[in-house]
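Take a look at the letters that make up each chain.
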Amino acid sequence: ENPFLGNRALRLCFDRPDIFRTQLRAAFRASVYGNLWLMFPMVASIDDIFRAKQAVFEVKKELTDENIAFSPDVKLGIMIEIPSIALLADFAAKEVDFASIGTNDLCQYTMAVDRLNPAVNEYYQSYNPALFRLIHLAAKSFLENGKPVCVCGELGGDRLGAAVLMGLGVRKLSMNISSVAQIRKLVNELPMKKAEQIAANVLALSSAKEAEQYLNSALKEILS
């Protein structure tokens, strides 16, 4: 009944290997024409990564046996949008080449709230320190392993959230085009040392309300 907790994304790929293999074959055949990075969504465990990599291995073997060309340099990555894989990011970072932190779903799954349901809107807390702690853990694990990590989701285009993400070491943010100007201003005017201190202070807070009040105060001059 709740599709967000159902058979979707990578889970659907495992359930329908015929579709998954067709997609992988097409992607690898196209890889000779450009720089291909493949990212698996809704990864919940290291076993999910192993299963996805095994499917990739089998498809690459098939293409090799059929003398079909593909690039040997395809990067494999994961979406970090489920808390369980964020908590295991130190292991995940050793298994894949990159990660993207999906803040919308990560918030939804962390707070156990349907982000599309207005009746529980107050529980969808983008500034909750619990969310930032998970992002910190994931980003730190990948950066320590020399693996790129970016953020996609509304938090990357939010001025308060972006300041914390900068301080947590995230250097690539995706956002709606309408947010680009204000985030560019933030990036240009917020010293990185200050961003790091802001992020550390937010991680030490206990509620979303406290975090939002602190961020508004700390960034008042820059955001005015």
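Here's what I pulled together on the structure shown here. Computed from a predicted structure; not experimentally measured. (Residues numbered from 1 in each chain as written. Predicted model: local features only at pLDDT ≥ 70, side-chain atom pairs only at ≥ 80, totals over all residues. Heavy atoms only, no water.)

### Topic: unusual backbone geometry
Within the chain, Met42 stands out as a residue other than glycine whose phi angle is a positive 55°. For Met42, the location among the structural elements is in the loop between β1 (37-40) and α3 (46-65). Using a relative accessible area of 2% as the deciding quantity, one classes Met42 as buried. A positive phi is found at Asn67, a non-glycine position, where the angle reads about 55°. Looking at where Asn67 falls in the secondary structure, it is placed in the loop between α3 and β2 (75-80). (Helix = DSSP H or I, 4+ residues; strand = E, 2+ residues; numbered from the N terminus. Buried < 20%, exposed > 50% of the residue type's maximum accessible area, 1.4 Å probe, protein only.)

### Considerations on the layout of surface pockets
By volume, the largest pocket amounts to about 160 Å³. Every residue along the wall of the largest pocket is listed here: Phe28, Lys53, Gln54, Val56, Phe57, Lys60, Pro72, Val74, Leu76 and Asp97. Looking at which element gives the most residues to the lining of the largest pocket, the answer is α3, with 5 residues. Here the residues of the lining of the largest pocket sort into 6 nonpolar, 1 polar and 3 charged. (1 Å grid on protein atoms, 1.4 Å probe; cavity = no way out; pocket = protein on both sides within 12 Å on 5 of 7 lines; lining within 4 Å. Points joined across faces, edges and corners; volume = space filled by probe spheres on them. Nonpolar A, V, L, I, M, F, W, Y, C, P; charged D, E, K, R; others polar.)

### Section: the packing of aromatic side chains
The description of an aromatic ring pair rests on the distance of the ring centres and on the angle between the ring planes. Overall, the coordinates contain 4 aromatic pairs when judged by the stated rule. Centroid distance Phe14 to Phe20: 6.3 Å. Interplanar angle 80°. Geometry classified as edge-to-face. Per residue, the accessibility class of Phe14 equals that of Phe20, and both read buried. Pairing Phe28 with Phe70 gives two aromatic rings, centres 5.8 Å apart and planes at 90°, and the pair type is edge-to-face. Separated by 42 residues along the polypeptide, Phe28 in helix α2 (residues 17-30) and Phe70 in the loop between α3 and β2 bring together distant segments of the chain. We note that Phe28, like Phe70, is buried. Chaining the aromatic ring pairs together yields one cluster made of Phe14, Phe20 and Phe40. (Phe/Tyr/Trp six-rings, centres within 6.5 Å; stacked < 30°, edge-to-face > 60°.)

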